[in-house]
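# Structure at a glance
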Amino acid sequence: ILNTPVYLRTKTKTGRLSVISGPNVLTMHSGLRKGLVDGYSIDFVSIEPNVLLVSQGREPRTDIYDTLQSDIFDGKISRAKVKIATMAALYGSGRGDKFAKMIEDYFRLTEKVKELESQVENDTIRNLFGRIINLNGVNGKHLLALWLQSSAADAALYGFYNFCKQVDVVPHWII
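What you see is a predicted model, and the numbers here were worked out from it, not measured in a lab. (Residues numbered from 1 in each chain as written. Predicted model: local features only at pLDDT ≥ 70, side-chain atom pairs only at ≥ 80, totals over all residues. Heavy atoms only, no water.)

With 31 residues, the main nonpolar core has L68, I103 and F107 as its most contacted residues. Of all the secondary-structure elements, those providing two or more residues to this core are α2 (47–55), α3 (64–71), α4 (79–91), α5 (98–106), α6 (109–118) and α7 (140–166). Here this core takes 7 residues from α7, the largest share from any one element. Apart from the residues lying within four places of it in its own chain, the contact partners of I103 are L68, I72, F73, V82, A85, T86 and A89. (Core = buried A, V, L, I, M, F, W, Y, C linked by side-chain atoms within 4.5 Å. Buried < 20%, exposed > 50% of the residue type's maximum accessible area, 1.4 Å probe, protein only. Helix = DSSP H or I, 4+ residues; strand = E, 2+ residues; numbered from the N terminus. Contact = heavy atoms within 4.5 Å.)

Here the focus is the packing of aromatic side chains. Two descriptors summarise a pair of aromatic rings, namely the distance from one centre to the other and the angle between the planes of the rings. Overall, the coordinates contain 4 aromatic pairs when judged by the stated rule. Ring centres of F73 and F99 lie 5.4 Å apart, and the angle between their planes is 90°; on these two criteria the pair is classed as edge-to-face. A residue pair is termed long-range when its members are at least 10 positions apart, and F73 in the loop between α3 and α4 and F99 in helix α5 qualify at 26 residues. The class of F73 is buried, set by a relative accessible area of 6%. Their ring planes at 35° and their centres at 5.0 Å tell us that F129 and Y158 sit as a pair that is tilted. Taken together, the positions of F129 in the loop between β3 (124–126) and β4 (132–134) and Y158 in helix α7 put the pair 29 residues apart, joining distant regions of the chain. Residue classification places F129 among the partly exposed positions, given a relative accessible area of 37%. The partly exposed category is assigned to Y158, whose relative accessible area is 44%. Sitting above the plane of the Y106 ring, R58 keeps its charged end 4.9 Å from the centroid. (Phe/Tyr/Trp six-rings, centres within 6.5 Å; stacked < 30°, edge-to-face > 60°. Lys NZ or Arg CZ within 6 Å of the ring centre and 35° of its normal.)

Considering only enclosed or pocket space, the largest pocket measures out at about 1,400 Å³ in volume. Lining the largest pocket are 42 residues, and of these I42, D43, F160, I174 and I175 lie nearest its centre. Those elements giving two or more residues to the lining of the largest pocket turn out to be α1 (30–33), α2, α4 and α7. With 8 residues, the single largest contributor to the lining of the largest pocket is α7. (1 Å grid on protein atoms, 1.4 Å probe; cavity = no way out; pocket = protein on both sides within 12 Å on 5 of 7 lines; lining within 4 Å. Points joined across faces, edges and corners; volume = space filled by probe spheres on them.)

This part is about the pattern of salt bridges. On inspection of all chains with the given rule, the structure shows 8 salt bridges. Put simply, R79 and D63 hold a salt bridge, and the shortest N to O gap is 3.0 Å. You can see R79 sitting in helix α4 and its partner D63 sitting in the loop between α2 and α3, a full 16 residues away along the chain. In this structure, D154 engages R131 in a salt bridge whose closest nitrogen and oxygen atoms are separated by 3.1 Å. Of this pair, D154 sits in helix α7 while R131 sits in the loop between β3 and β4, placing them 23 residues apart in sequence. In this structure D154 comes out as buried when scored by relative accessible area, which is 5%. What you see here is one network of salt bridges that share partners, running through R9, R131 and D154. (Salt bridge = Lys/Arg side-chain N within 4 Å of Asp/Glu carboxyl O.)

Any link to function would need more than the numbers given here.
This is the structure:
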């Protein structure tokens, strides 16, 4: 029997959850979570790339990495490479990665960064749900990363909240 985790949403700029007491389920090995009797896991797959697509008025994808592998690379590189290149493109570490550049174009990242930079007021910006993010001088791809992670964190919390309102479940924790 585990105690209930207590979360804090203000420890990070993005509003991601942090456990301040109880079991740190956020870093718990997935094998231990699978050991719950009558436990189920609900996951928002590829939420950050999909939040980006939705913010651009585009359709989310059930498996964005399969879509990218097919649409951009004609199946010529592995899904694992596509996933790594996507993270490099979204979070700025893919400057010399030719695959990341193609993914940047797919997600229209240059335009999105310019859009976000135009919304900065008093060194803050609002995420997709209107929550304020303090930037501390961050701009460019780092601004995109903060906005995207913050928006995805809120999207997941709203999704879990709405799911729990509609389905008779007793949530144990949110990861």
